[in-house]
Amino acid sequence: MESASISSSPTVPIYKNQIKDDINTDTTLDQEETEDAVLKLLLGAKENPETKNLLKEKHLAYAKKMLGPLPAGFVSLDASRPWCVYWGTNAMMLLGDESVQEVYGKRIASTILACVSPEGGIGGGHGQIGHLAASYASINSLAISGDEEAWNKLDRKAIYDWLLRIKQPDGSFKMHIGGECDTRSAYCALAIASLLNIITPELVENTAEYLSRCQTYEGGFSGVPGLEAHGGYAFCALASFCILFPPKEVHKHINIDKLIRWLSRRQHQPEGGFSGRTNKLVDGCYNHWVGGCWALIENIVSYHDLWDRTALQNYTLYCCQSTSGGLRDKPGKNPDAYHTNYTLAGLSGAQYRYIYEGGEDDQLGDYAFRWRAETTDRIVVSEGNYVAKINPIHVLREGIAEAMHKFFEGRPL
Ligand code: FPP
Ligand code: ZN
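Residues numbered from 1 in each chain as written. Chains lettered and ligands numbered in written order. Predicted model: local features only at pLDDT ≥ 70, side-chain atom pairs only at ≥ 80, totals over all residues. Heavy atoms only, no water.

Draft legend 1. Spatial organisation of the coordination of the zinc ion (ligand 2). Ligation of the zinc ion (ligand 2) by protein atoms is provided by Asp-283 (OD), Asp-283 (OD), Cys-285 (SG) and His-339 (NE2), these donors lying 2.1 to 2.5 Å from the ion. The coordination sphere of the zinc ion (ligand 2) comprises four donor atoms, whose angles at the metal cover 55 to 120°; the geometry is irregular. Coordination of the zinc ion (ligand 2) draws on donor residues from a single chain, spaced D-x1-C-x53-H in sequence. On the criterion of sequence distance, the pair formed by Asp-283 in the loop between helix H13 (256-264) and helix H14 (286-289) and His-339 in helix H17 (residues 337-351) is long-range, its members being 56 residues apart. Overall, the relative accessible area of 9% leaves Asp-283 in the buried class. (Donors = N, O, S within 2.8 Å, 3.2 Å for Na, K, Ca; no water. Tetrahedral: all angles 85-135°; square planar, octahedral: opposite > 155°, others 65-115°. Helix = DSSP H or I, 4+ residues; strand = E, 2+ residues; numbered from the N terminus. Buried < 20%, exposed > 50% of the residue type's maximum accessible area, 1.4 Å probe, protein only.)

Draft legend 2. Quick peek at the nonpolar core. Membership of the largest hydrophobic core comes to 125 residues, with the highest contact counts inside it found for Leu-132 and Leu-163. Per-element accounting of this core gives the leading share, ten residues, to helix H11 (residues 231-244). (Core = buried A, V, L, I, M, F, W, Y, C linked by side-chain atoms within 4.5 Å.)

Draft legend 3. Just the layout of surface pockets, in detail. In this structure, the second largest pocket spans a volume of roughly 400 Å³. Along its surface, the second largest pocket is lined by 19 residues, and Leu-67, Gly-68, Leu-70, Arg-81 and Cys-84 are the ones closest to its centre. Every element with two or more residues in the lining of the second largest pocket is listed here: helix H3 (81-94) and helix H4 (100-113). Residue composition of the lining of the second largest pocket, by class: 13 nonpolar, three polar and three charged. (1 Å grid on protein atoms, 1.4 Å probe; cavity = no way out; pocket = protein on both sides within 12 Å on 5 of 7 lines; lining within 4 Å. Points joined across faces, edges and corners; volume = space filled by probe spheres on them. Nonpolar A, V, L, I, M, F, W, Y, C, P; charged D, E, K, R; others polar.)

Draft legend 4. Representation of the UniProt feature "domain: Prenyltransferase alpha-alpha toroid" (unreviewed entry) in the protein in the model. The UniProt record marks residues 54-394 with the feature "domain: Prenyltransferase alpha-alpha toroid" (unreviewed entry), using the residue numbering of this structure. Split by type, residues 54-394 is 48% helix and 3% strand. Its first and last C-alpha atoms lie 24 Å apart. (UniProt positions renumbered as here; feature names shortened; annotations may be inferred.)

Draft legend 5. Looking closely at the environment of Met-175. With respect to the helices and strands, the residue Met-175 is situated in the loop between helix H7 (156-166) and helix H8 (183-195). Distance from Met-175 to Thr-278, taken between C-alpha atoms, is 26 Å for residues 103 residues apart in sequence. When neighbours within four sequence positions are excluded, Met-175 is seen to be in contact with His-131, Leu-132, Ala-133, Trp-162, Glu-180, Asp-182, Arg-184, Ser-185 and Cys-188. (Contact = heavy atoms within 4.5 Å.)

Rendered as structure tokens:
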């Protein structure tokens, strides 16, 4: 039984890192500073009872603002328009807004369709080259729009041909024509192909082998074979395996014990949040990149209580919420749309138990759509603090990825 509830003051045992020597480095000082800032908020929770609640209305207002015209300082996001759309609208859905499709559906579709590149793929803005990350955010956004008219306008054959052009013989994918390959691009390619129902054995040949080579000596996954394990890449690799295989088969491709050990070490005490890599700091976006791995792992090993869901909820509520709206990396940082979306998506992973329910007849293309979330009295969440259930592979509100996939299931290439 999980012992702590989200009450006016967190009841998880809170103590500072006991193992400490006298050698100070930038890394140890940053860690101490973060622990102090987090402890101040966790221990002072009684003085700031506002943040025991998820400030849904404020976060919704923040997400909506990020979808409107932005001040000049945001110009660096000009190549990330589809990302802004995905982060903003997905966050709204996670917060329970039922009106996203009706209010934003057509606008989402026209913004995204304007980014389709005549050379293949979807770019970060109008006139920009096709890019896998922008294409992933675009297809997710189109799924959120629910606009079947727009879905019909997508040239899926052109997207499939482009994916084959950037596919490499070792199973990896280039991020764009002439670009770099990594775990991220593999996940983006597989997720796009999965949603559009254009995944084929030819497209995914050797991809599992490539991803297996990205598991490092620590147990996590790196961007390319031989580099440092990182939470972002761990989720990309694990979600990719769960597109390619039912969870029960994933253990054949990775060292699951080492991965569990590495993931366990990502959750910090006393902070309760996750870090992305060894000797780095907790950050709210790893609620999803690291925390989102647990839903998948739990179905690979059929065991459901390997991490501290309560501690993550406490870190999120008390340390990641900006009281003026939006969620953030850690105390002292400003909120942004990226952290708002991924902090909330990870909260969903902490609040529900995710269960894979595939059937005997399922095949490549089906596995990502056989997930359901359940509430359980073993996971304590205060009334009003629940976020929506998600599809844990596509990181979209439950039902959104499934609807797009179903639409294209009836339309073979
Ligand atoms: C380190 O940042 C970040 C990385 C090495 C890459 C992170 C990868 C992702 C978030 C996955 C992206 C996925 C898609 C689908 C595009 P840092 O050094 O600022 O952070 P750190 O100190 O926490 O490691
Ligand atoms: Zn972050």
